[in-house]
Amino acid sequence: MKETYLGVSVSRYNYEQIIEQLEHRFERHEQSTIIAVNPEKVMTAQRDPVVKRLINEATFQIADGIGMILASKIKGGAIRSRVTGVEMMERLLRFAEEEAHPIYLYGAKADVLQKASAEIARRHPNIHIAGQTDGYEQDEEALVERIHSSGARILFIALGSPKQELWIERNLSRLPNVLLFQGVGGSFDVLSG
Ligand code: UDP
(Lines give C-alpha, C1' and ligand atoms only; values in the text may rest on other atoms or scores of the structure.)
Protein backbone atom coordinates (compact mmCIF):
# COMPACT_ATOMS: atom_id res chain seq x y z
CA MET A 1 0.00 0.00 0.00
CA LYS A 2 2.83 2.38 -0.88
CA GLU A 3 3.92 4.43 -3.86
CA THR A 4 7.46 5.56 -4.58
CA TYR A 5 8.52 9.00 -5.76
CA LEU A 6 12.21 9.47 -6.61
CA GLY A 7 13.01 6.58 -4.30
CA VAL A 8 10.86 7.89 -1.44
CA SER A 9 7.97 5.79 -0.13
CA VAL A 10 4.54 7.30 0.44
CA SER A 11 1.67 5.44 2.05
CA ARG A 12 -1.69 5.14 0.28
CA TYR A 13 -3.63 4.89 3.52
CA ASN A 14 -6.11 7.56 4.58
CA TYR A 15 -6.70 8.59 8.21
CA GLU A 16 -9.21 5.84 8.96
CA GLN A 17 -7.04 3.12 7.44
CA ILE A 18 -4.03 4.24 9.45
CA ILE A 19 -6.02 4.22 12.70
CA GLU A 20 -7.35 0.75 11.85
CA GLN A 21 -3.83 -0.54 11.20
CA LEU A 22 -2.66 1.03 14.43
CA GLU A 23 -5.38 -0.70 16.43
CA HIS A 24 -4.06 -4.06 15.22
CA ARG A 25 -0.45 -3.07 15.79
CA PHE A 26 -1.25 -1.89 19.34
CA GLU A 27 -2.94 -5.24 20.06
CA ARG A 28 0.24 -7.00 18.96
CA HIS A 29 2.35 -4.53 20.97
CA GLU A 30 4.19 -3.53 17.78
CA GLN A 31 5.81 -0.12 17.63
CA SER A 32 4.91 2.26 14.78
CA THR A 33 6.24 5.54 13.46
CA ILE A 34 4.52 8.19 11.37
CA ILE A 35 6.38 10.69 9.21
CA ALA A 36 4.91 13.38 6.99
CA VAL A 37 6.16 13.50 3.41
CA ASN A 38 5.91 16.55 1.17
CA PRO A 39 7.70 17.51 -2.07
CA GLU A 40 10.32 19.48 -0.11
CA LYS A 41 11.26 16.36 1.89
CA VAL A 42 11.36 14.26 -1.27
CA MET A 43 13.86 16.77 -2.68
CA THR A 44 15.91 16.82 0.54
CA ALA A 45 16.02 13.02 0.38
CA GLN A 46 17.69 13.24 -3.04
CA ARG A 47 20.79 14.82 -1.55
CA ASP A 48 20.60 13.40 1.95
CA PRO A 49 20.58 9.60 2.17
CA VAL A 50 19.86 9.76 5.91
CA VAL A 51 16.61 11.63 5.29
CA LYS A 52 15.68 9.11 2.60
CA ARG A 53 16.34 6.23 4.95
CA LEU A 54 14.39 7.82 7.83
CA ILE A 55 11.37 8.31 5.58
CA ASN A 56 11.51 4.87 4.01
CA GLU A 57 11.96 3.09 7.32
CA ALA A 58 8.92 4.72 8.94
CA THR A 59 5.82 2.56 9.31
CA PHE A 60 3.54 5.16 7.73
CA GLN A 61 4.70 7.93 5.39
CA ILE A 62 1.70 10.23 5.17
CA ALA A 63 1.10 12.27 2.00
CA ASP A 64 1.20 15.73 3.53
CA GLY A 65 1.12 18.45 0.89
CA ILE A 66 -0.89 18.83 -2.28
CA GLY A 67 2.27 18.21 -4.32
CA MET A 68 2.16 14.53 -3.36
CA ILE A 69 -1.38 14.21 -4.71
CA LEU A 70 -0.34 15.86 -7.97
CA ALA A 71 2.68 13.57 -8.26
CA SER A 72 0.45 10.54 -7.67
CA LYS A 73 -2.05 11.67 -10.32
CA ILE A 74 0.67 12.33 -12.88
CA LYS A 75 2.37 8.99 -12.24
CA GLY A 76 -0.87 7.01 -12.32
CA GLY A 77 -0.84 6.38 -8.56
CA ALA A 78 -3.81 6.05 -6.24
CA ILE A 79 -3.27 8.79 -3.64
CA ARG A 80 -6.17 11.21 -3.97
CA SER A 81 -6.35 13.07 -0.70
CA ARG A 82 -3.90 14.64 1.69
CA VAL A 83 -3.12 13.18 5.07
CA THR A 84 -1.70 16.13 6.96
CA GLY A 85 0.45 15.90 10.05
CA VAL A 86 -1.84 18.24 12.01
CA GLU A 87 -5.04 16.36 11.14
CA MET A 88 -3.36 12.99 11.69
CA MET A 89 -2.38 14.17 15.16
CA GLU A 90 -5.98 15.26 15.84
CA ARG A 91 -7.28 11.81 14.80
CA LEU A 92 -4.67 10.16 17.00
CA LEU A 93 -5.67 12.33 19.96
CA ARG A 94 -9.23 11.10 19.48
CA PHE A 95 -7.95 7.52 19.28
CA ALA A 96 -5.87 8.05 22.45
CA GLU A 97 -8.87 9.48 24.27
CA GLU A 98 -11.27 6.73 23.19
CA GLU A 99 -8.86 3.86 23.80
CA ALA A 100 -7.35 5.36 26.98
CA HIS A 101 -3.77 5.43 25.67
CA PRO A 102 -1.70 7.93 27.65
CA ILE A 103 0.16 10.47 25.49
CA TYR A 104 3.43 12.38 25.94
CA LEU A 105 4.18 15.71 24.30
CA TYR A 106 7.80 16.52 23.54
CA GLY A 107 9.01 19.57 21.66
CA ALA A 108 8.50 23.27 20.90
CA LYS A 109 9.21 26.21 23.18
CA ALA A 110 7.95 25.97 26.75
CA ASP A 111 5.12 28.50 26.34
CA VAL A 112 3.97 26.97 23.03
CA LEU A 113 3.99 23.49 24.59
CA GLN A 114 1.98 24.73 27.56
CA LYS A 115 -0.67 26.29 25.32
CA ALA A 116 -0.80 23.26 23.00
CA SER A 117 -1.20 20.95 25.96
CA ALA A 118 -4.03 23.07 27.40
CA GLU A 119 -5.76 23.10 24.01
CA ILE A 120 -5.47 19.31 23.73
CA ALA A 121 -6.97 18.90 27.21
CA ARG A 122 -9.79 21.31 26.31
CA ARG A 123 -10.65 19.43 23.09
CA HIS A 124 -10.22 16.00 24.63
CA PRO A 125 -11.38 16.19 28.24
CA ASN A 126 -10.81 12.49 28.90
CA ILE A 127 -7.33 12.27 27.44
CA HIS A 128 -4.49 11.31 29.75
CA ILE A 129 -1.45 13.52 29.17
CA ALA A 130 1.20 11.45 30.91
CA GLY A 131 3.85 14.14 30.57
CA GLN A 132 5.33 16.93 28.52
CA THR A 133 8.81 18.34 27.93
CA ASP A 134 9.82 21.31 25.82
CA GLY A 135 12.08 20.83 22.82
CA TYR A 136 15.09 22.53 24.35
CA GLU A 137 15.71 19.95 27.06
CA GLN A 138 19.35 18.88 26.81
CA ASP A 139 19.47 15.74 28.92
CA GLU A 140 18.27 13.03 26.55
CA GLU A 141 18.98 10.18 28.97
CA ALA A 142 16.82 11.74 31.67
CA LEU A 143 14.10 12.56 29.18
CA VAL A 144 13.94 9.01 27.83
CA GLU A 145 13.67 7.72 31.38
CA ARG A 146 10.92 10.24 32.15
CA ILE A 147 8.92 9.22 29.08
CA HIS A 148 9.41 5.54 29.90
CA SER A 149 8.26 5.87 33.48
CA SER A 150 5.31 8.10 32.52
CA GLY A 151 3.50 5.10 31.05
CA ALA A 152 2.93 6.93 27.76
CA ARG A 153 1.81 4.81 24.81
CA ILE A 154 1.88 7.57 22.18
CA LEU A 155 4.64 10.17 21.78
CA PHE A 156 4.14 13.30 19.73
CA ILE A 157 7.47 14.87 18.98
CA ALA A 158 7.80 18.38 17.63
CA LEU A 159 11.45 19.22 16.96
CA GLY A 160 11.23 19.80 13.20
CA SER A 161 12.69 17.48 10.55
CA PRO A 162 14.93 15.59 10.49
CA LYS A 163 15.74 16.25 14.16
CA GLN A 164 12.57 14.57 15.42
CA GLU A 165 13.03 11.52 13.18
CA LEU A 166 16.65 11.13 14.29
CA TRP A 167 15.52 11.33 17.91
CA ILE A 168 12.93 8.62 17.28
CA GLU A 169 15.50 6.41 15.58
CA ARG A 170 17.94 6.77 18.52
CA ASN A 171 15.37 6.08 21.19
CA LEU A 172 12.70 3.79 19.77
CA SER A 173 14.14 0.59 21.21
CA ARG A 174 14.69 2.24 24.59
CA LEU A 175 10.99 3.03 24.83
CA PRO A 176 9.39 -0.37 24.26
CA ASN A 177 6.07 0.66 25.79
CA VAL A 178 5.67 3.64 23.49
CA LEU A 179 3.79 2.03 20.63
CA LEU A 180 3.43 5.07 18.41
CA PHE A 181 5.79 7.92 17.58
CA GLN A 182 4.59 10.76 15.39
CA GLY A 183 6.98 13.48 14.24
CA VAL A 184 4.68 16.50 14.19
CA GLY A 185 7.01 19.38 13.24
CA GLY A 186 5.27 22.68 13.88
CA SER A 187 1.93 21.17 15.00
CA PHE A 188 2.27 22.29 18.64
CA ASP A 189 2.70 25.82 17.30
CA VAL A 190 -0.51 25.42 15.26
CA LEU A 191 -2.40 24.04 18.28
CA SER A 192 -1.16 26.80 20.56
CA GLY A 193 -3.03 29.27 18.34
N1 UDP B 1 12.10 22.86 17.94
C2 UDP B 1 12.43 22.32 19.17
N3 UDP B 1 13.72 22.07 19.46
C4 UDP B 1 14.73 22.29 18.58
C5 UDP B 1 14.39 22.82 17.30
C6 UDP B 1 13.06 23.09 17.01
O7 UDP B 1 11.55 22.09 19.98
O8 UDP B 1 15.89 22.02 18.91
C9 UDP B 1 10.69 23.13 17.67
C10 UDP B 1 10.36 24.56 17.33
O11 UDP B 1 10.22 25.31 18.53
C12 UDP B 1 9.06 24.39 16.58
C13 UDP B 1 9.24 23.05 15.87
O14 UDP B 1 10.31 22.39 16.55
O15 UDP B 1 7.99 24.30 17.48
C16 UDP B 1 9.70 23.14 14.43
O17 UDP B 1 8.66 23.44 13.65
P18 UDP B 1 8.86 23.59 12.07
O19 UDP B 1 7.61 24.16 11.57
O20 UDP B 1 10.16 24.26 11.76
O21 UDP B 1 9.03 22.07 11.63
P22 UDP B 1 8.68 21.41 10.25
O23 UDP B 1 7.22 21.06 10.34
O24 UDP B 1 9.00 22.43 9.21
O25 UDP B 1 9.55 20.20 10.22
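Look up a bit, the structure's there.
A few points on the structure. These figures come from a predicted structure and were not determined experimentally.

Right, let's talk about the overall build of the chain for a bit. Within the chain one finds 9 helices and 8 strands. For 193 residues, the compact-globule estimate of 2.2 N^0.38 gives 16 Å, and the C-alpha radius of gyration of the chain, at 16 Å, lies within 12% of that figure. Dimensions of the chain, computed from C-alpha atoms along their principal axes, come out at roughly 45 × 35 × 35 Å. Put simply, the chain has 193 residues, and 37% of those count as buried.

Take the sheet that holds strand E4 (residues 60–63) next. Read across the sheet, 6 strands follow the order E4-E3-E8-E7-E5-E6 without closing on themselves; strand pairing throughout is parallel. For this open sheet the edge positions go to E4 and strand E6 (129–133), each flanked by a neighbour on one side alone. When the angles between neighbouring strand axes are averaged without regard to direction, this sheet yields 15°. Pairing analysis gives 5 bridges linking strand E5 (residues 103–107) to strand E7 (residues 154–158), with the strands arranged parallel. Within E7, the residue paired with Leu-105 across the bridge is Phe-156.

In this section: the packing of helix H2 (residues 39–47) against helix H3 (residues 49–57). Running from N to C, H2 and H3 cross one another at 125°; their axes reach a closest spacing of 5 Å. The angle between H2 and H3 falls in the class oblique. Of the residues in H3, those touching H2 at Lys-41, Thr-44 and Ala-45 are Val-51, Lys-52 and Ile-55. Across the contact of H2 with H3, the residue classes break down as 3 nonpolar, 1 polar and 2 charged.

The subject of this paragraph is the site of the ligand. Near the ligand there are 15 residues, and of these Ala-108, Gly-135, Gly-160, Gly-185 and Gly-186 occur at the shortest range. Its residues assigned to classes, the shell around the ligand shows 6 nonpolar, 6 polar and 3 charged.

In this chain, Ser-161 is followed by Pro-162 through a cis amide linkage whose omega measures 0°. Tracing the backbone shows Pro-162 in the loop between E7 and helix H8 (163–171). Unlike most non-glycine residues, Leu-6 shows phi in positive territory, near 50°. Position of Leu-6 relative to the elements: it lies in the loop between strand E1 (2–5) and strand E2 (8–11).

What follows concerns the pairing of E5. The buried fraction of E5 amounts to 5 of the 5 residues, a majority that puts the element mostly inside the structure. Taken together, the 4 bridges between E5 and E6 define a ladder with parallel strand orientation. For Ile-103, the partnering residue across the bridge sits in E6 and is Ile-129. The β-α-β motif built from E5, the intervening helix H6 (residues 110–123) and the parallel element E6 has right-handed crossover chirality.

Once that is clear, we can look at the nonpolar core. Grouped together as the largest cluster of nonpolar side chains are 50 residues, with contacts concentrated most on Val-37, Leu-155, Phe-156 and Ile-157. Among the elements that take part in this core, E7 stands out by supplying 5 residues, more than any other. Among all residues touching Phe-156, those that are not within four sequence positions of it are Met-89, Ile-103, Leu-105, Gln-182 and Val-184.

Summarising the sheet, E1 and E2 pair through 4 bridges and their orientation is antiparallel. Bridged to Glu-3 within E2 is Val-10. As consecutive antiparallel partners, E1 and E2 are separated by 2 residues, and within that stretch Leu-6 has a phi angle of approximately 50°, a positive value.

With respect to the element layout, Gly-185 can be found in the loop between strand E8 (180–183) and helix H9 (187–191). Expressed as a C-alpha distance, the spacing of Gly-185 and Ile-35, which sit 150 residues apart in the sequence, is 9.6 Å. Setting aside residues up to four positions removed in sequence, Gly-185 forms contacts with Ala-36, Gly-85, Ala-158, Gly-160 and Ser-161.

Note on placement: Phe-156 falls in strand E7. C-beta crowding within 10 Å serves as the criterion here: with 28 such atoms nearby, Phe-156 is assigned to the buried category. The sequence separation of Phe-156 and Leu-92 amounts to 64 residues, and the corresponding C-alpha distance is 9.7 Å.

Cut-offs used in this document
Residues numbered from 1 in each chain as written. Predicted model: local features only at pLDDT ≥ 70, side-chain atom pairs only at ≥ 80, totals over all residues. Helix = DSSP H or I, 4+ residues; strand = E, 2+ residues; numbered from the N terminus. Rg over C-alpha atoms; globule rule 2.2 N^0.38 Å. Buried ≥ 20, exposed ≤ 12 C-beta atoms within 10 Å, placed from the backbone. Pairing = 2+ DSSP bridges. Axes fitted to C-alpha atoms, helices over the stretch in contact; angles between N-to-C directions. Parallel < 35°, antiparallel > 145°, perpendicular 65-115°, else oblique. Contact = placed C-beta atoms within 7 Å. Nonpolar A, V, L, I, M, F, W, Y, C, P; charged D, E, K, R; others polar. Near = placed C-beta within 6 Å. Right-handed = clockwise from strand over helix to strand, strands pointing away. Core = buried A, V, L, I, M, F, W, Y, C linked by C-beta atoms within 7 Å.

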